Amino acid sequence: MDETELTDEPRDAVLPDASVQRFVLRVVQGPDAGREWTSSEDRCAIGVHSTNDLVVGDRKVSRFHCEVLTVQTGMRLRDLQSKNGTYLDGIRVQDAWLRDGSMIRVGDTAIELRLAHDPNRLVLSPKARFGSLIGSSVAMRAVFAQLEQAATTDLTVLIEGETGTGKEEAAQSIHDASHRKDGPFVVIDCGALPPTLLDSELFGHEKGAFTGAVSRQIGAFEAAHGGTLFIDEIGELPIAQQPRLLRALEERTVRRVGGNQHRAVDVRVVAATNRNLRLETNEGRFREDLYYRLAVLRIRMPALRARPSDIPLLVERLLSQMGASAEAAASIVTPELIQSLRGAPWPGNVRQLRNYLGQCLAFEKAAPLGESEMPATDDVIDPSVPYDVARRQAIERFERAYVEALLDHHKGNVSAAARASGIHRGFLHRLLSRHGIRG
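Here's a quick rundown of the structure.

Thresholds applied
Residues numbered from 1 in each chain as written. Predicted model: local features only at pLDDT ≥ 70, side-chain atom pairs only at ≥ 80, totals over all residues. Heavy atoms only, no water. Helix = DSSP H or I, 4+ residues; strand = E, 2+ residues; numbered from the N terminus. Buried < 20%, exposed > 50% of the residue type's maximum accessible area, 1.4 Å probe, protein only. Contact = heavy atoms within 4.5 Å. Areas by Shrake-Rupley, 256 points an atom, 1.4 Å probe, with all protein chains shown as cover. Phe/Tyr/Trp six-rings, centres within 6.5 Å; stacked < 30°, edge-to-face > 60°. Lys NZ or Arg CZ within 6 Å of the ring centre and 35° of its normal. Axes fitted to C-alpha atoms, helices over the stretch in contact; angles between N-to-C directions. Parallel < 35°, antiparallel > 145°, perpendicular 65-115°, else oblique. Left-handed = near helix turned anticlockwise from the far one by under 90°. Nonpolar A, V, L, I, M, F, W, Y, C, P; charged D, E, K, R; others polar. Salt bridge = Lys/Arg side-chain N within 4 Å of Asp/Glu carboxyl O. 1 Å grid on protein atoms, 1.4 Å probe; cavity = no way out; pocket = protein on both sides within 12 Å on 5 of 7 lines; lining within 4 Å. Points joined across faces, edges and corners; volume = space filled by probe spheres on them. Polar contact = N/O pair within 3.5 Å; in protein donor to acceptor, adjacent residues only side chain to side chain. Pairing = 2+ DSSP bridges. Arc of directions from axis to C-beta. Core = buried A, V, L, I, M, F, W, Y, C linked by side-chain atoms within 4.5 Å.

Looking at the overall build of the protein chain
Inference 1: When helices and strands are tallied, the protein chain shows 14 helices and 24 strands.
Inference 2: Relative to its 439 residues, the protein chain shows a buried fraction of 48%.
Inference 3: Partitioning the intrachain contacts of the protein chain with sequence separation of at least 6 by distance along the chain shows that 62% fall at a separation of at least 24.
Inference 4: Carbon and sulfur atoms make up 49% of the accessible area of the protein chain, which amounts to about 21400 Å² in all.

In structure tokens form, the structure reads like this:
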């Protein structure tokens, strides 16, 4: 392995097959009978909200009711915690496989799924890199194409994806490739700040606005003037504080806490979340109008398990960033290890892979893959539990076990634990609070 930084484009420039199953949804019963929708990408959202792909006018249908998506092994139907449920061929489902001719019922609306003979071709970037992100897989090249497009505009972007998939790197890379690259890139993490400080951090405050406000402070919107404001973990923003953010996005002006003057700001906003905001909207935890303002461009970062072919490239990059010598890398990276890494589920995604490789360097050999990395074949699976719930529970078990071990290794020192693990200190504090762990 080369000791030098990876400054050249990855050499595998041949584009892989980028086709996905094309499908047609036809409304056969209900207020919109006769309407058809043909896919051009890999998913379709169904509901009454205007931002859905297939919009229906049925009063019994939720704003974001369900979605149809193509995966490597077939097609799936997922309910988005709708009020009246999603039915597949007469059976209520949370997450189920689809077939050609399946009948989907939402409210009083029946929708027939038909598979097309010719596939859709995804738009792929010819490059295997965008900013600090790398990957030659179809999933990442498709994301790169979207990021490249986003960088040419000033439109608000919502980046979705699991924890550790590189959402902040994607936001930074959009900024660096845009005409705002010489302006500031300001980060606010809604999950790392208590609700009482969010307004002040976002919009600033005047001296004396509240107890402890001993001087005037400008907020993130003003600090990002001429550049990009990245709002991380937007799904953690309390519902009571969402109207003020919506107003700032609509009017491009802010008013400091305790002040009366509205100040114009020239800011491009990129938000990120590991939550399903459509589901959060259905359940009343996220404002529909704010979601509409944020999701002008939606980009979903793929999970690491969805792009195992990128793991050798990521291993090389991460070891290089850690300063591993050629000898140290060679003692760790073997074909057997790479095969094991490609088969692991990685609930913590690239961040978890980085932590694992750091452990390997510390021990100067390939460390055993722990339970958090290996497929959980011995876990008791309850098929009556919806997929999203079961997956969330598995991730929570991993998070708690990892954070407890991390703090134990660093004798309770949160700052040292954050530096060693590559986890943002604010995010680590949030994990500790979520799982009731004291640092």
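Description of the packing of aromatic side chains
Inference 1: Overall, the coordinates contain five aromatic pairs when judged by the stated rule.
Inference 2: Judged by centre distance (5.6 Å) and plane angle (10 degrees), the rings of Phe203 and Phe221 are stacked. On the criterion of sequence distance, the pair formed by Phe203 in helix α3 (residues 195–203) and Phe221 in helix α4 (residues 220–223) is long-range, its members being 18 residues apart.
Inference 3: Exposure remark for Phe203: the relative accessible area of 1% places this residue in the buried category.
Inference 4: Since its relative accessible area comes to 1%, Phe221 is described here as buried.
Inference 5: Directly above the aromatic system of Trp97 lies the positively charged group of Arg76, at a separation of 4.0 Å from the ring centroid.

Regarding helix α8 (residues 311–321)
Inference 1: Extensive coverage of α8 is indicated by the burial of eight of its 11 residues.
Inference 2: All of the buried residues along α8 are Ile311, Leu313, Leu314, Val315, Arg317, Leu318, Leu319 and Ser320.
Inference 3: As for α8, its buried residues are in contact with β14 (129–130), β15 (133–134), α9 (326–332), α10 (335–343) and α11 (349–363).
Inference 4: Two residues or fewer past α8, Gly323 is found with a positive phi of approximately 80 degrees.

Some details on the packing of α8 against α10
Inference 1: Two elements in contact, α8 and α10, have axes separated by 10 Å at closest approach and are oriented at 110 degrees. Taken together, the axes of α8 and α10 are roughly perpendicular relative to one another. At the point where α8 passes α10, the crossing takes the right-handed sense. Residues Ile311, Pro312 and Val315 of α8 touch α10, and the partners they reach there are Ile338, Leu341 and Arg342.
Inference 2: Here the residues of the contact of α8 with α10 are counted per class, giving five nonpolar, no polar and one charged.

Things to note about the pattern of salt bridges
Inference 1: Scanning the entire structure with this criterion turns up 27 salt bridges.
Inference 2: Salt-bridge contacts for Arg263 lead to Glu222; the nearest nitrogen and oxygen are separated by 4.0 Å. Pair noted here: Arg263 is in strand β22 (residues 262–264) and Glu222 is in helix α4, with a separation of 41 residues, a long-range link.
Inference 3: Close ionic contact of Arg285 with Glu280 constitutes a salt bridge, the shortest N to O distance being 2.8 Å.
Inference 4: Overall, the relative accessible area of 7% leaves Glu280 in the buried class.
Inference 5: A cluster of three or more residues bridged by salt bridges with shared partners is formed by Glu236, Arg275, Glu280, Glu283 and Arg285.

What to know about the layout of surface pockets
Inference 1: The calculated volume of the second largest pocket comes to roughly 580 Å³.
Inference 2: Gly166, Lys167, Glu168, Glu169 and Arg351 are the residues nearest the centre of the second largest pocket, which is lined by 30 residues in total.
Inference 3: Those elements that place two or more of their residues in the lining of the second largest pocket are β15, α2 (167–177), β17 (185–189), α8, α11 and α14 (425–434).
Inference 4: Ranked by residue count, the leading element in the lining of the second largest pocket is α8, at four residues.
Inference 5: The class makeup of the residues in the lining of the second largest pocket is 10 nonpolar, eight polar and 12 charged.

Focus: the side chain of Asn120
Inference 1: Assignment of secondary structure puts Asn120 in strand β13 (residues 120–121).
Inference 2: Here Asn120 falls in the buried class, since its relative accessible area comes to 9%.
Inference 3: Separated by 3.0 Å, the side chain of Asn120 and the backbone oxygen of Ser39 make a polar contact.

With respect to the pairing of β17
Inference 1: For β17, the buried fraction is high: four of the five residues fall into the buried class.
Inference 2: Bridge count between β17 and strand β20 (residues 228–232): five bridges; the pairing is parallel. Looking at the pairing, Val187 lines up with Phe230 of β20.

A word on the sheet that holds strand β5 (residues 54–55)
Inference 1: Taken in spatial order, the five strands line up as β5-β4-β6-β7-β10 in an open sheet, and their pairing is mixed. Each edge of the open sheet is held by one strand with a lone partner, namely β5 and β10 (95–97).
Inference 2: The pairing of strand β7 (residues 74–79) with β10 spans three bridges and is antiparallel. Bridge assignment links Leu77 to a residue of β10, and that residue is Ala96.

Examining the packing of α8 against α11
Inference 1: Close contact between α8 and α11 brings their axes to 10 Å; oriented N to C, the two are set at 60 degrees. The angle between α8 and α11 falls in the class oblique. As for how α8 packs across α11, the hand of that crossing is right-handed. Side by side, α8 and α11 meet where Leu314, Val315, Leu318 and Leu319 of the first sit next to Val350, Leu353, Arg354, Leu357 and Leu361 of the second.

So, α10
Inference 1: Turning to α10, its buried residues are Leu337, Ile338 and Leu341. End-on view of α10: buried residues confined to an arc of 100 degrees, all on one side of the axis. Across α10 from its buried face, at more than 90 degrees, point the exposed residues Pro335, Glu336 and Gln339.

Section: the nonpolar core
Inference 1: Judged by nonpolar contacts, the single largest core of 31 residues is most densely connected at Phe221, Leu229, Ile231, Ile234 and Leu245.
Inference 2: Of all elements in the fold, only β17, α3, α4, β20, α5 (242–251), β23 (268–273) and α7 (288–294) reach the threshold of two or more residues within this core.
Inference 3: Element by element, the count of residues in this core is highest for α5, at four residues.
Inference 4: Counting residues in each nonpolar core, the second largest holds 23 residues, with Val315, Ala329, Leu341 and Cys360 among its members.

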